[in-house]
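Here's the letter readout for the chains.
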Amino acid sequence: MKKFKIIMGLLALTTILSINNIKASGVMTYVDIKIPSMQGIYTTEKETKNTISEQYIYTVGAVDYLSGDDRVIGARLKDITTSYMIATEGRYVQLDSSNTSLGATPGEYQLQLKANKWTMSAVHYTGTWYLDENLLPRK
C-alpha cells in the first residue's frame, strides 16, 4: 500500500507538471497514459529519429486502475520488433534485442505498450522513451 501511495503521489506531481506528455528532441515522457484492459495495446504517435543509436524505455510505474496493484509492462517498436521487451520499473531497457539494430537507424517510429498479463481494467503507465541512447541520463 505504501508503494501504491508513492506511485500515485508521483503520478499526481507529474500530472500537475505536464498535461499529457513532454516532447524534447528524442525524448518522450508519458504521464499517466491508459493502456487498455485485456492485454490491449497503446500505440504512441509517430516520432522522428535523426541519429544512429539504440532506443530505450524507462518505466516509472504501471498501476492497475481498479486494484492499484503494480503491473508488468511489455514494450516494443511497432513494425520493427515482434516480441515485447519487459519494461522493468526503474531500469533503462533497450527496445531492440533482436541484434538487427533496425531501431538504431534514423526514421519514424512508434512505441507500443501492453500489460504483460491479462487485466480486467486499464493500466495507468508513466515512463520515458529515449529515441537516442546518447540522451540517457549520465550516472
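As shown above, the structure is provided for reference.
Before going into details, it helps to say that this report is about the structure given with it. (Residues numbered from 1 in each chain as written. Predicted model: local features only at pLDDT ≥ 70, side-chain atom pairs only at ≥ 80, totals over all residues. Heavy atoms only, no water.)

## Side note on the overall build of the protein chain
- Each helix and strand in the protein chain was counted, giving one helix and 11 strands.
- Relative to its 139 residues, the protein chain shows a buried fraction of 43%.
- Looking at the protein chain alone, contacts between residues at least 24 apart form 76% of all its contacts between residues at least 6 apart.
- Surface summary for the protein chain: the accessible area is close to 8000 Å², and the carbon and sulfur share equals 56%. (Helix = DSSP H or I, 4+ residues; strand = E, 2+ residues; numbered from the N terminus. Buried < 20%, exposed > 50% of the residue type's maximum accessible area, 1.4 Å probe, protein only. Contact = heavy atoms within 4.5 Å. Areas by Shrake-Rupley, 256 points an atom, 1.4 Å probe, with all protein chains shown as cover.)

## Examining the packing of aromatic side chains
- Per the stated rule, a full pass over the model turns up two aromatic pairs.
- Between tyrosine 58 and tyrosine 92, the ring centres sit 4.6 Å apart and the planes meet at 35°, which makes this aromatic pair tilted. Taken as a pair, tyrosine 58 in strand β5 (residues 56-64) and tyrosine 92 in strand β8 (residues 92-94) lie far apart in primary sequence, 34 residues in all.
- Ring pairs connect the aromatic residues Tyr58, Tyr92 and Tyr130, which therefore count as one cluster. (Phe/Tyr/Trp six-rings, centres within 6.5 Å; stacked < 30°, edge-to-face > 60°.)

## Notes on the environment of glutamine 55
- Within the secondary structure layout, glutamine 55 lies in the loop between β4 (47-49) and β5.
- Its relative accessible area of 1% is what places glutamine 55 among the buried residues.
- Each C-alpha atom, one on glutamine 55 and one on valine 93, is 8.5 Å from the other, the two residues being 38 residues apart in sequence.
- Beyond its immediate sequence surroundings of up to four residues, glutamine 55 is in contact with Lys49, Leu77, Val93, Gln94, Leu95, Gly103, Tyr109, Trp129, Tyr130 and Leu131.

## Some words on the sheet that holds strand β3 (residues 41-43)
- A sheet is described by the order of its strands in space; here four strands give the open sequence β3-β10-β6-β7, paired in antiparallel fashion. Only two strands of the sheet have a single neighbouring strand rather than two, namely β3 and β7 (85-86). (Pairing = 2+ DSSP bridges.)

## Observations concerning the pairing of β5
- Burial analysis of β5 places seven of its nine residues in the buried class, which makes it a mostly covered element.
- Relative to β8, β5 runs antiparallel, the two sharing three bridges. Looking at β8, one finds that isoleucine 57 is bridged to valine 93.
- Pairing of β5 with strand β11 (residues 123-130) involves eight bridges; the strand directions are antiparallel. Across the sheet, tyrosine 58 pairs through a bridge with threonine 128, a residue of β11.

## A look at a nonpolar patch on the surface
- The grouping of Met38, Tyr65, Leu66, Trp118 and Met120 at the surface amounts to a nonpolar patch, some 660 Å² of accessible area in total.
- Mapped onto the fold, methionine 120 is located in the loop between β10 (111-115) and β11. (Patch = residues over 30% accessible without salt bridge, like charges linked within 9 Å, V, L, I, M, F, W, Y side chains within 5 Å. Salt bridge = Lys/Arg side-chain N within 4 Å of Asp/Glu carboxyl O.)

## Quick notes on the pairing of β11
- Across the eight residues of β11, eight count as buried, placing the element largely inside the fold.
- Of the two faces of β11, the one lined by Val123, Tyr125, Gly127 and Trp129 and the one lined by His124, Thr126, Thr128 and Tyr130 are each fully buried.
- Where strand β2 (residues 27-35) and β11 come together, seven bridges link them in antiparallel fashion. Bridge pairing in β11 places valine 27 opposite tyrosine 130.

## Topic: the pattern of salt bridges
- Scanning the entire structure with this criterion turns up one salt bridge.
- Aspartate 64 is paired through a salt bridge with arginine 71; the nearest N and O atoms lie 3.2 Å apart.
- Judged by its relative accessible area of 30%, arginine 71 falls in the partly exposed class.

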